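# Coordinates in review
Next come the chains, spelled out residue by residue.
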Amino acid sequence: MATKSLKARNNDIANTQRQLEILSNGIFANGELPTFATKIKETNQFPLRPKKLEILQINLGYMCNQVCDHCHVDAGPDRKEIMTIETMNQCLEVIKKTGAHTLDLTGGAPEMNPNFRWFVEEASKAGIKDFIVRSNLTIIKANKKYHDLPDFFKKHGVHVVSSLPHYTKGKTDKQRGDGVFDKSIEALKSLNEVGYGMPNSDLKLDLVYNPSGAFLPGNQQALEQDFKKALKADFDINFHNLFAITNLPISRFLDYLIASENYEDYMTALVDAFNPSAVANVMCTNTISVSWDGFLYDCDFNQMLNLKVASKVQHISAYNEELLQNRNIVINQHCFGCTAGAGSSCQGVVA
Amino acid sequence: MSKNYYDAADLRKFGKIIEWNEELGTKFFDYYGKVFEDGALSAREKSLIALAVAHTEQCPYCIDAYTKDSLQKGITKEEMMEAVHVGAAIKSGATLVHGVQMMNIVNKLDS
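Attention here is on the structure that accompanies the text. Nothing here was measured: the structure is a model prediction, and the numbers come from that model. (Residues numbered from 1 in each chain as written. Chains lettered and ligands numbered in written order. Predicted model: local features only at pLDDT ≥ 70, side-chain atom pairs only at ≥ 80, totals over all residues. Heavy atoms only, no water.)

Counted according to the given criterion, the structure contains 19 aromatic pairs over all chains. Between Phe116(A) and Phe153(A) the ring centres are 6.5 Å apart and the planes differ by 90°, which places this aromatic pair in the edge-to-face class. With Phe116(A) in helix 4 (residues 116–124) and Phe153(A) in helix 6 (residues 149–155), this residue pair connects regions lying 37 residues apart in the sequence. This pair shows no difference in class: Phe116(A) is buried, exactly as Phe153(A) is. For the pair Phe14(B) and Phe29(B), a centre-to-centre distance of 5.1 Å together with 70° between the ring planes defines the contact as edge-to-face. Residue Phe14(B) is found in the segment before helix 1 (22–35), and its partner Phe29(B) is found in helix 1; the two are separated by 15 residues along the sequence. The class of Phe14(B) is partly exposed, set by a relative accessible area of 36%. (Phe/Tyr/Trp six-rings, centres within 6.5 Å; stacked < 30°, edge-to-face > 60°. Helix = DSSP H or I, 4+ residues; strand = E, 2+ residues; numbered from the N terminus. Buried < 20%, exposed > 50% of the residue type's maximum accessible area, 1.4 Å probe, protein only.)

This part covers the interface of chain B and chain A. Size of an interface, as often reported, equals the accessible area lost when the parts are brought together. In this complex, chain B contributes 8 residues to the contact, which on the side of chain A involves 13 residues. For the pair chain B and chain A, the summed buried surface comes to about 840 Å²; carbon and sulfur atoms form 51% of the total. If you sort the residues of chain B by the area they bury against chain A, Arg12(B), Leu71(B) and Gln72(B) come out on top, with a joint share of 54%. Applying the counting rule to chain B against chain A returns 2 salt bridges. Taking the shortest distance from any N to any O, the salt bridge between Asp226(A) and Arg44(B) comes out at 3.2 Å. Across the contact surface, chain B and chain A share 5 residue pairs in polar contact (both at pLDDT 80 or more). Considered class by class, the residues forming the side of chain B that touches chain A number 2 nonpolar, 3 polar and 3 charged. (Contact = heavy atoms within 4.5 Å. Buried area = accessible area lost by both parts, 1.4 Å probe. Salt bridge = Lys/Arg side-chain N within 4 Å of Asp/Glu carboxyl O. Polar contact = N/O pair within 3.5 Å; in protein donor to acceptor, adjacent residues only side chain to side chain. Nonpolar A, V, L, I, M, F, W, Y, C, P; charged D, E, K, R; others polar.)

All right, on to empty space enclosed by the protein then. Residues and elements named next belong to chain A. Taken as a whole and assessed by the stated rule, the structure comprises 4 cavities of 30 Å³ or more. If you add up the space inside the largest cavity, you get close to 620 Å³. Lining the largest cavity are 35 residues; nearest its centre among them are Cys 71, His 72, Val 73, Ser 163 and Arg 176. Those elements that place two or more of their residues in the lining of the largest cavity are strand 3 (130–135), strand 4 (159–163), helix 7 (169–176), helix 10 (251–259) and helix 13 (300–304). Sorting elements by how many residues they give to the lining of the largest cavity places strand 4 first, with 3 residues. Looking at the lining of the largest cavity residue by residue, the classes come out as 16 nonpolar, 15 polar and 4 charged. Roughly 100 Å³ of internal volume is contained in the second largest cavity. Residue lining of the second largest cavity: 14 residues in total, with Val 282, Cys 284, Cys 299, Cys 335 and Cys 338 positioned closest to the centre. Of all elements in the fold, only helix 13 and helix 15 (336–339) reach the threshold of two or more residues within the lining of the second largest cavity. Tallied by class, the residues present in the lining of the second largest cavity amount to 11 nonpolar, 3 polar and no charged. (1 Å grid on protein atoms, 1.4 Å probe; cavity = no way out; pocket = protein on both sides within 12 Å on 5 of 7 lines; lining within 4 Å. Points joined across faces, edges and corners; volume = space filled by probe spheres on them.)

With that settled, consider the layout of surface pockets. Of the volumes computed, that of the second largest pocket is approximately 460 Å³. What lines the second largest pocket is a set of 17 residues, and nearest its centre among them are Ala222(A), Gln225(A), Asp226(A), Ser42(B) and Arg44(B). Counting only elements with at least two residues in the lining of the second largest pocket, the list comes to helix 9 (220–235) of chain A together with helix 2 (43–56) of chain B. By residue number, the principal contributor to the lining of the second largest pocket is helix 9 of chain A, which donates 6 residues. Counted by class, the lining of the second largest pocket contains 6 nonpolar, 5 polar and 6 charged residues.

Going through the model one piece at a time under the given rule, you end up with 22 salt bridges over all chains. Ionic pairing is found between Lys169(A) and Asp182(A), a salt bridge with its closest N-O pair at 2.8 Å. Here Asp182(A) lies in helix 8 (residues 180–193) and Lys169(A) lies in helix 7, a separation of 13 residues in the sequence. Residue Lys169(A) is classed as partly exposed on the basis of its relative accessible area of 38%. For Asp10(B), the salt bridge identified is with Lys13(B), shortest N-O distance 3.2 Å. Residue Asp10(B) is classed as partly exposed on the basis of its relative accessible area of 29%.

Below, the structure written as structure tokens:
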């Protein structure tokens, strides 16, 4: 288990150009596997185009109290990139005028941005239908100043979406670090105590599952049932939905795939599981992702590869929904991760 | 031609057996797919049974397939190993229970 980000370790995978080279060369360049563009051309879905904007996803920074093995953000305590109040104000302007029904705050640990609470308070006034905060759970227990987060979330009607790799300590700690499981359980109990995740409660608490290694997620519904049964029996914990997300071959997961000699097999598994009907509903078709420094991306994964939107408008300060609607979505081989099997997005399966 | 009898890459070609007998191959895969759906037993339970049988049958392809399948279903390594022990217990029990036949014959023949 690493304790520092790839960037802090000067790992060459931290370089987005290096990641794109890996994704473009080798098995894709020699014709062993078809490229993503080839696959979607076969099903007449090229170029991939956006539908109506539904989700505005804002990354408040890469700083995090955890250093998880598979983090596609390469987040960690050593990452200092966080959104400034100036960029937050530009985001607020867009939130007020956009047609998106969902606001999705992510990180790193978004709560670690010193202006996080102010931003939530201001954004919640915009009357967004679904206001998501992606919490890693342990942040709630990391420090006294975060202990009241469940009450704060409740006050603003925030929809909490939390990562929990597995309902067993062993699998969770292996992916996220020693002690993460116990702290996550404590945090889930705190959220349940104020009403989050309880049956019939409007305080939505959803969990995110991603596989602990080089394999695809199984059936989301079956996994949800297993999680619910185990968390209820072992810890009396309740939650609403489980989102199963496929690990995309970028950043730390790409580093793991290469180091463990699983890269080619994993990419082959993704390509073999390509589901044409998932393409129409992948998250980039209804989402705009905003980075900590205000740049615009088709999705969170493109953001981490520094693949900005293919549009004249590339920054939140010049946001123009009409212009953005006229773009082609930027794709690469990592997109196979969102179209494998039942498909994958920040909201779980899509097909 | 590979010098090994087993090649992990052959597992991906399993579906090609249909090409040389479409009717029987299709019937097999329809049946196979149906067997592993949720039923009186969950798909999860069936994966663990398959994993145990894969070991008693000593089928490398099946071990590969159902280890991955178990991981995808969120099954833990402890659960997987217990399933393998169930298979091993049946396999060794099946050997040992034949000892009764040996004892019967000895008792009949040896005065």
